[in-house]
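This is what each chain is made of:
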Amino acid sequence: MSAVSDRLPAFPWDKLEPYKKTAAAHPDGIVDLSVGTPVDPVPEHIQKALIAAADSPGYPTVWGTPELRDALTRWVEHRLGAREVTHRHVLPVVGSKELVAWLPTQLGLGPGDQVAFPRLAYPTYEVGARLARAEHVAYDDPTELDPSRLKLLWLNSPSNPTGRVLAKEELTRIVAWAREHGVLVLSDECYIELGWEADPVSVLHPDVNGGSYDGIVAVHSLSKRSNLAGYRAAFLAGDPAVLGPLLQIRKHGGMMTPSPTQAAVVAALGDDEHVRVQRERYAARRTALRDALLAHGFRIEHSEASLYLWATRDESCWDTVAHLADRGILVAPGDFYGPAGDRFVRVALTATDERVRAAAARLTA
């Protein structure tokens, strides 16, 4: 076991504990803006679907029920503009983090293979490469990479942590380059419903992929759009030549989305209204926090989408974390997402309206 754990970096969130204690000592309590975990209720119709499926004594299937696959294909066509999507083009997974961490292993990657991800990125992309004993490389522009050993290229638009959105033209260029060199593209699009100053586009859109899903797979999650982080509900969509073997591997591994969660996903993807309501909540919180941070002397870069504000005071990110902790506000240091983030902090919109108002008041006092 130690041989496996020794491949992994230190768990970064443990470093925040002293600052969390400082923030928690504030007379009005902590405002935790460090982790992007939903705090709003699961919509009632989704809860009811989960409850209705609670009597599920048998094993679920890895591929999911036909009703679930129908819901996935409909949503991918309706929301992302994809065309001619069949059951072979979709695969449910047990939350997107599990998929990101274990995908390189499930693809059979290992020593000598390379996994690439953005220079500022969700740390689990690197963890996945390390678990597979593959090499990892960070990029600014993936088309400048040496493709000779590159097997898996992660895209992330909208970005965690920066909120940057890749334009349709940029996605098209990257997909064409990856196909030319036989590189598999995995596009993490978990925040695609949360565009504020830009309209994110999926790699599944025909304007990006030319009407072919060859060599591309998109990752989607219901954690943020539907407040289902606790349900572990996510899915893949794209190239059947990739998803088919993954399905067989995951059958052997028993990676099954629980039946009640499958029913909840069907209900969630069949309704757009609760997504609109949740977007309005996040938009209001974003405006309040953005205005307060700017008034406090911060500069905000990118942040045109997703659930975060990428903010800086042009100092060490840990100095900024300490500064805000003294005011009872906890944020994530930018270097959690790569050395290039060492002068930024990530401020999450995932706090209650009352806590966001408290943070804004403390920043503008």
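This write-up is about the structure you can find in this document.

About the criteria used
Sequence positions are assigned chain by chain, starting from 1 and proceeding in written order. Where local features are concerned, this predicted model is filtered to residues with pLDDT of at least 70; where side-chain atom pairs are given and counted, the filter is 80 or more; whole-chain, interface and lining totals use all residues. As a convention, hydrogens and water are excluded, and side-chain values are obtained from all of the structure's heavy atoms. Burial status follows relative accessibility: with a 1.4 Å probe on protein chains alone, a residue under 20% of its type maximum counts as buried, one over 50% as exposed, and anything between as partly exposed. By definition, any uninterrupted DSSP run of H or I lasting at least four residues is a helix, any uninterrupted run of E lasting at least two residues is a strand, and each is numbered from the N terminus. Two strands qualify as a pair provided that DSSP identifies no fewer than 2 bridges between them. Pairing of N or O atoms within 3.5 Å defines a polar contact, subject to two protein rules: one partner must be a possible hydrogen donor and the other a possible acceptor, and residues neighboring in sequence count only if both atoms are side-chain atoms. Residues count as neighbours in contact if any of their non-hydrogen atoms are within 4.5 Å of one another. Only protein atoms enter the 1 Å grid used here. Points where a 1.4 Å probe fits but cannot escape make up a cavity, open sets with protein on both sides within 12 Å along at least five of seven lines make up a pocket, and a residue lines them when an atom lies within 4 Å of a point. Grid points are joined across faces, edges and corners, and a volume is the space filled by probe spheres set on the points. Amino acid classes used here: Ala, Val, Leu, Ile, Met, Phe, Trp, Tyr, Cys and Pro are nonpolar; Asp, Glu, Lys and Arg are charged; the rest, including Gly, are polar. The term salt bridge refers to a side-chain nitrogen of Lys or Arg lying within 4 Å of a carboxyl oxygen of Asp or Glu.

### Comments concerning the pairing of strand β13 (residues 345-348)
Okay, so step 1: Residue alternation in β13 divides its side chains into two sets, Val345 and Val347 and Arg346 and Ala348, and both sets are buried.
Okay, so step 2: Sheet topology note: the strand β10 (residues 308-312)/β13 ladder contains four bridges and is antiparallel. Bridging from a neighbouring strand, Leu309 pairs with Val347 of β13.
Okay, so step 3: Note that strand β12 (residues 332-333) and β13 share two bridges and pair antiparallel. From the neighbouring strand, Pro333 faces β13, where its bridge partner is Val345.

### Observations regarding the side chain of Asn227
Okay, so step 1: The topology assignment puts Asn227 in the loop between β7 (216-221) and β8 (234-238).
Okay, so step 2: Looking at Asn227, the relative accessible area reads 6%, which means it is buried.
Okay, so step 3: Within polar-contact distance, the side chain of Asn227 engages the backbone oxygen of Pro41 at 3.1 Å.
Okay, so step 4: Beyond its immediate chain neighbours, meaning those up to four positions away, Asn227 contacts Pro38, Asp40, Pro41, Val42, Leu222, Gln278, Arg281 and Tyr282.

### Overview of the layout of surface pockets
Okay, so step 1: In this structure, the largest pocket occupies an estimated 1200 Å³ of space.
Okay, so step 2: As for the largest pocket, its lining consists of 46 residues, and the residues nearest its centre are Trp13, Lys97, Tyr122, Pro123 and Thr124.
Okay, so step 3: Elements represented by at least two residues in the lining of the largest pocket include exactly α5 (96-106), β3 (114-118), α6 (124-131) and β4 (135-139).
Okay, so step 4: Residues belonging to the lining of the largest pocket are distributed by class as follows: 28 nonpolar, nine polar and nine charged.

### Points about the pattern of salt bridges
Okay, so step 1: With the rule as written, the count across this model stands at 21 salt bridges.
Okay, so step 2: Here Arg286 ties to Glu197 by a salt bridge, and the two come within 2.9 Å at their closest N and O atoms. Of this pair, Arg286 sits in helix α11 (residues 273-295) while Glu197 sits in the loop between β6 (184-188) and α8 (206-209), and the two are 89 residues apart along the sequence.
Okay, so step 3: Among the residues examined, Arg286 registers a relative accessible area of 8% and is labelled buried.
Okay, so step 4: For Glu197, a relative accessible area of 52% puts it in the exposed group.
Okay, so step 5: A network of salt bridges, in which partner residues are shared, links Asp28, Glu354, Arg355 and Arg362.

### Quick notes on the sheet that holds strand β9 (residues 299-301)
Okay, so step 1: Pairing within the open sheet is antiparallel, and its four strands lie in the order β9-β10-β13-β12. The two strands at the open ends of the sheet, each matched to only one other strand, are β9 and β12.
Okay, so step 2: Across three bridges, β9 lies against β10 in antiparallel orientation. Residue Glu301 lies in a different strand from β10, and its bridge partner there is Trp310.

### Observations regarding empty space enclosed by the protein
Okay, so step 1: Under the counting rule described, the total for this entry stands at three cavities of 30 Å³ or more.
Okay, so step 2: Size it by volume and the largest cavity reaches roughly 70 Å³.
Okay, so step 3: Lining the largest cavity are Trp75, Glu189, Cys190, Ile192, Glu193, Leu194, His220, Ser221, Lys224, Arg225, Phe235 and Leu269.
Okay, so step 4: The residue makeup of the lining of the largest cavity, split by class, is six nonpolar, two polar and four charged.

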